[in-house]
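Observations on the model geometry
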Amino acid sequence: MVMSSLRYVRSGLHVMCLLAACGALAAQEVIELPGEDNWLAADFDEVYRIGSLDGEEWEQFGNVGKVAFDGTGQLYVFDDQAHRIFVVGPDGEYRRSFGRPGEGPGEFRNPAALAVFRDGRAVVADTRHRAYHIFDANGDFERMVRMVSEGATLQLSDLLPDPAGCTLVSAVGAPMLAMSFSFNAASGSQPPPHASRPVERLSLTGEVATKDTVAEGWLPQRGEPPVLNAGGVDVGSRLPPPRVFAPRMLPGVLPDGDVAFSDSSAYAIKLARAGSGVWRILTRPFHPAPVTNRVIEAEKERRLRALEESPGTRGGITINRVAVSSEDNRQRARDRIANLEFFEEVSVVRDLATTWSGRIWVQRRGEDPSDDDGPIDVLSADGRYVGSYPAGSTAMPDAFGPDGLAAFVEEDELGVKVVVVKRLPERVN
């Protein structure tokens, strides 16, 4: 049903989210999708799986940082520990690999993100080089493009290739992959803090990357962002640290180059295009829950239990060349939990991805406020609700590809990273 105005979800906060992120509603189509779930069966056919301690040497991955497909169905596996990209054919056979550690062009110092265009060209973002390495479809290095200068700090989120093969899409405030500091930069060189979380289109045609804004995503305001200290140099952070349960910025690119994204605590999937901004909003009547004192205390207790069970805080660490004991390290973590800041509501949408054919997969929260693995809805960009996968029946794919291919990064019983490629039914891909 097309609405002439937004039907309110729960509190004035969500109307503010939509208005702040999208501007005037007059030029937008708001479509309310059904509230009743139509459950789907996750009957995906497995095509192949790779990754094993007993397998070939190339598939003994250190860590799978990203997977992506090209237009022929080849899978690119980015091992960010080995600083190498492995290319696998449509049947799971090894084709080639490229990339290596080093200081020169085409060699990685700190590779943090991979994007693969449909023609097989690959882009690797390197935060220590502060540049993008571009490789051709054969894995041969073509050129390097310097990143946009943004002062002392660099915060990198995922890179999404435009299907036309010309640009990349990224979003400020999306889950961060890496941060780096330029120690010789004065604190005054930092640009002012963001007033929004923009979805940006990045062009790599020149020697230096350029970018423009596709849409302004909503950024909850709460005063001045803190200043980070790196090696004795104060560097301003462009975005404040996110509060617990705060809405995430989650973008995906559609086949026509439009961007679907979620930026508010409500269930409101926005569609935007360059030059026009947000032109359509897809909603479902799932409401964010209030963050009460009981919710806050339960979340702190959950994190404290996880801390005590984690081996990661049991060993000592070194900070500024000063040894810190395991108990001091653990106490620091306890103090951080005690001082956590919380958003006013528990956000509904926890993940978003788009398929090559234009479906939008939206993962909702589960039963508990901290549960990111709730049901997964499948929507179409033209405003139809396809159905939902029940919580636990499938994970969100880590990459979508042509002809219904989807890749899932899993761990076996020994903790080894395994990539499983499946084929999705036509109605959901």
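Residues numbered from 1 in each chain as written. Predicted model: local features only at pLDDT ≥ 70, side-chain atom pairs only at ≥ 80, totals over all residues. Heavy atoms only, no water.

Spatially, four strands are ordered β3-β34-β33-β32 in an open sheet, and the strand pairing comes out antiparallel. Bordering the open sheet on either side are β3 (45–50) and β32 (399–400), each of which pairs with just one other strand. Where strand β33 (residues 405–411) meets strand β34 (residues 417–423), seven bridges bridge the pair, whose relative direction is antiparallel. Bridge assignment links glutamate 410 to a residue of β34, and that residue is valine 418. (Pairing = 2+ DSSP bridges. Helix = DSSP H or I, 4+ residues; strand = E, 2+ residues; numbered from the N terminus.)

Here the focus is the sheet that holds strand β5 (residues 75–79). Pairing within the open sheet is antiparallel, and its four strands lie in the order β4-β5-β6-β7. The outermost strands of the open sheet, each flanked by one partner alone, are β4 (64–69) and β7 (94–98). Each strand axis lies, on average, 20° off the axis of its neighbour in the sheet, ignoring direction. As paired elements, β5 and strand β6 (residues 84–88) share five bridges and run antiparallel to each other. Paired with tyrosine 76 across the bridge in β6 is valine 87. (Axes fitted to C-alpha atoms, helices over the stretch in contact; angles between N-to-C directions.)

Moving on, we come to the environment of arginine 121. Mapped onto the secondary structure, arginine 121 falls in the loop between β8 (111–116) and β9 (122–126). Take arginine 121: its relative accessible area is 23%, and that puts it in the partly exposed class. Residues arginine 121 and phenylalanine 141, spaced 20 residues apart in sequence, show a C-alpha to C-alpha distance of 9.9 Å. When neighbours within four sequence positions are excluded, arginine 121 is seen to be in contact with Ala115, Val116, Phe135, Asp136, Ala137 and Gly165. (Buried < 20%, exposed > 50% of the residue type's maximum accessible area, 1.4 Å probe, protein only. Contact = heavy atoms within 4.5 Å.)

This brings us to the pattern of salt bridges. Tallying each qualifying case throughout the model produces 25 salt bridges. Glutamate 200 serves as the salt-bridge partner of lysine 211, at 3.4 Å between the closest nitrogen and oxygen. Of this pair, lysine 211 sits in strand β17 (residues 210–217) while glutamate 200 is found in strand β16 (residues 197–203), placing the two residues eleven residues apart along the sequence. Overall, lysine 211 belongs to the partly exposed group, its relative accessible area being 32%. Residue arginine 284 pairs with aspartate 377 through a salt bridge whose shortest N-O separation is 3.1 Å. Highlighted residues: arginine 284 in the loop between β23 (277–283) and β24 (289–290) and aspartate 377 in strand β30 (residues 376–380), separated in sequence by 93 residues. (Salt bridge = Lys/Arg side-chain N within 4 Å of Asp/Glu carboxyl O.)

What follows is about the packing of aromatic side chains. Counted under the stated rule, the structure contains 14 aromatic pairs. Taking 6.0 Å as the distance between ring centres and 80° as the angle between the ring planes, the aromatic pair formed by phenylalanine 108 and phenylalanine 135 counts as edge-to-face. With phenylalanine 108 in the loop between β7 and β8 and phenylalanine 135 in strand β10 (residues 131–135), this pair connects stretches of sequence that are 27 residues apart. Their ring planes at 65° and their centres at 5.2 Å tell us that tryptophan 361 and phenylalanine 400 sit as a pair that is edge-to-face. Within this pair, whereas tryptophan 361 is found in strand β29 (residues 359–364), its partner phenylalanine 400 is found in strand β32, the two being separated by 39 residues in sequence. Take tryptophan 361: its relative accessible area is 0%, and that puts it in the buried class. (Phe/Tyr/Trp six-rings, centres within 6.5 Å; stacked < 30°, edge-to-face > 60°.)

Right, let's talk about the side chain of serine 347 for a bit. Here serine 347 lies in the loop between β27 (345–346) and β28 (349–354). Note on serine 347: relative accessible area 2%, which makes it buried. One polar contact links the side chain of serine 347 to the main-chain carbonyl oxygen of phenylalanine 245, over a distance of 2.9 Å. The residues touching serine 347, leaving out its near neighbours within four places in the chain, are Phe245, Ala246, Pro247, Ser265 and Arg365. (Polar contact = N/O pair within 3.5 Å; in protein donor to acceptor, adjacent residues only side chain to side chain.)

With that settled, the discussion passes to unusual backbone geometry. Phi is positive for phenylalanine 245, close to 70°, though the residue is something other than glycine. Within the secondary structure, phenylalanine 245 sits in the loop between β19 (233–236) and β20 (250–253). The residue aspartate 403 is not glycine, and still its phi comes out positive at about 55°.

With that settled, the discussion passes to the side chain of arginine 330. For arginine 330, the position within the fold is in helix α3 (residues 326–338). According to the relative accessible area criterion, arginine 330 is buried, its value standing at 8%. A polar side-chain atom of arginine 330 sits 3.4 Å from a polar atom in the side chain of glutamate 308.

Quick look at the nonpolar core now. Core analysis: the largest hydrophobic core is formed by 31 residues, its most contacted members being Ile50, Leu75 and Trp361. A per-element tally of this core places β33 first, with four residues. Other than its neighbours up to four places away in sequence, leucine 75 contacts Tyr48, Ile50, Val67, Ala68, Phe69, Phe86, Val87, Val88, Ala407, Val419 and Val421. (Core = buried A, V, L, I, M, F, W, Y, C linked by side-chain atoms within 4.5 Å.)

This is a description of form; function is not addressed.
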